[in-house]
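Notes for the structure review
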Amino acid sequence: MSKDSQVRAAKFAIGQIVKHRVYPFRGVIYDVDPTFNNSEEWWQSIPEEVRPKKDQPFYHLFAENAETTYEAYVSEQNLLIDDSGKPISHPAVKDFFSELRDGRYLFSNRLQS
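Residues numbered from 1 in each chain as written. Predicted model: local features only at pLDDT ≥ 70, side-chain atom pairs only at ≥ 80, totals over all residues. Heavy atoms only, no water.

1. Quick word on the nonpolar core
Threshold: Joining through side-chain atoms within 4.5 Å is the link that ties buried Ala, Val, Leu, Ile, Met, Phe, Trp, Tyr and Cys residues into a set, and such a set is a nonpolar core. Burial classes: relative accessible area under 20% of the type maximum marks a residue as buried, over 50% as exposed, and values in between as partly exposed (1.4 Å probe, protein chains only). Here a helix means four or more residues in a row that DSSP labels H or I, a strand means two or more in a row labelled E, and each is numbered from the N terminus. We call two residues in contact when some of their heavy atoms are within 4.5 Å.
Ranked by size, the top nonpolar core spans 10 residues in total: Phe12, Val18, Phe25, Ile29, Tyr59, Leu61, Ala63, Ala72, Val74 and Leu79. The dominant element in this core, judged by the number of residues it contributes, is strand S3 (residues 58–64), at 3 residues. Sequence-distant contacts of Leu79, defined by excluding residues within four places in its chain, comprise Phe12, Val18, Lys19, His20, Arg21, Tyr59, Leu61 and Val74. Listed in part, the 9 residues of the second largest apolar core include Ile17, Val28, Ile88 and Ala92.

2. Details of the packing of aromatic side chains
As a reminder, the rule being used: Geometry of aromatic contacts follows a simple scheme: Phe, Tyr and Trp rings, the Trp one being its six-membered ring, pair when their centres are within 6.5 Å, and the pair is stacked under 30 degrees between planes, edge-to-face over 60, tilted otherwise. By the criterion adopted, a ring carries a charge over it if an Arg CZ or a Lys NZ lies within 6 Å of its centre and within 35 degrees of its normal.
Under the counting rule described, the total for this entry stands at 13 aromatic pairs. Measuring from centroid to centroid gives 5.6 Å for Phe12 and Tyr59, while their planes differ by 70°, and the two rings are edge-to-face. Highlighted residues: Phe12 in the loop between helix H1 (3–6) and strand S1 (17–20) and Tyr59 in strand S3, separated in sequence by 47 residues. Take Phe12 and Tyr59: they sit in the same class, and that class is buried. Between Phe97 and Phe107, the aromatic rings sit 5.7 Å apart at their centres with planes inclined by 20°, giving stacked as the arrangement. Of this pair, Phe97 sits in strand S6 (residues 97–101) while Phe107 sits in strand S7 (residues 104–107), placing them 10 residues apart in sequence. Of the residues examined, Phe97 reaches a relative accessible area of 4% and is grouped as buried. On the accessibility criterion, Phe107 (40% relative accessible area) is partly exposed. In this structure an aromatic cluster arises from ring pairing among Tyr30, Phe62, Phe96, Phe97, Tyr105 and Phe107. Above the face of the Trp43 ring, Arg51 is positioned so that its terminal group lies 4.8 Å from the ring centre. Of note, Lys54 hangs over the ring of Trp43, and the distance from its end group to the ring centre comes to 4.4 Å.

The values reported here are purely geometric and, on their own, carry no functional implication.
Next up, the structure:
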């Protein structure tokens, strides 16, 4: 079995709106890593009792909470589908996606070559 075939398929897709299972923020997925791909320092900064396993998909989000917008890196185990139907207010959304349709963002044609 090749290394790639051992990687679990991502549960969520680019353009999908998700929310964090524990913390009060939501976002739209703009990239997916098949397994953890951030610094060891970042991973160690997460409290051990809630630190996710590295061998699962991790998602890059344009995220928002009640105060601000930012980018987040979140493990699959900590995400849930956000079915609120509300758009994400992060300013980068308009650069990556063309529209929100049926609760999911569609890629912008400007990114295709």
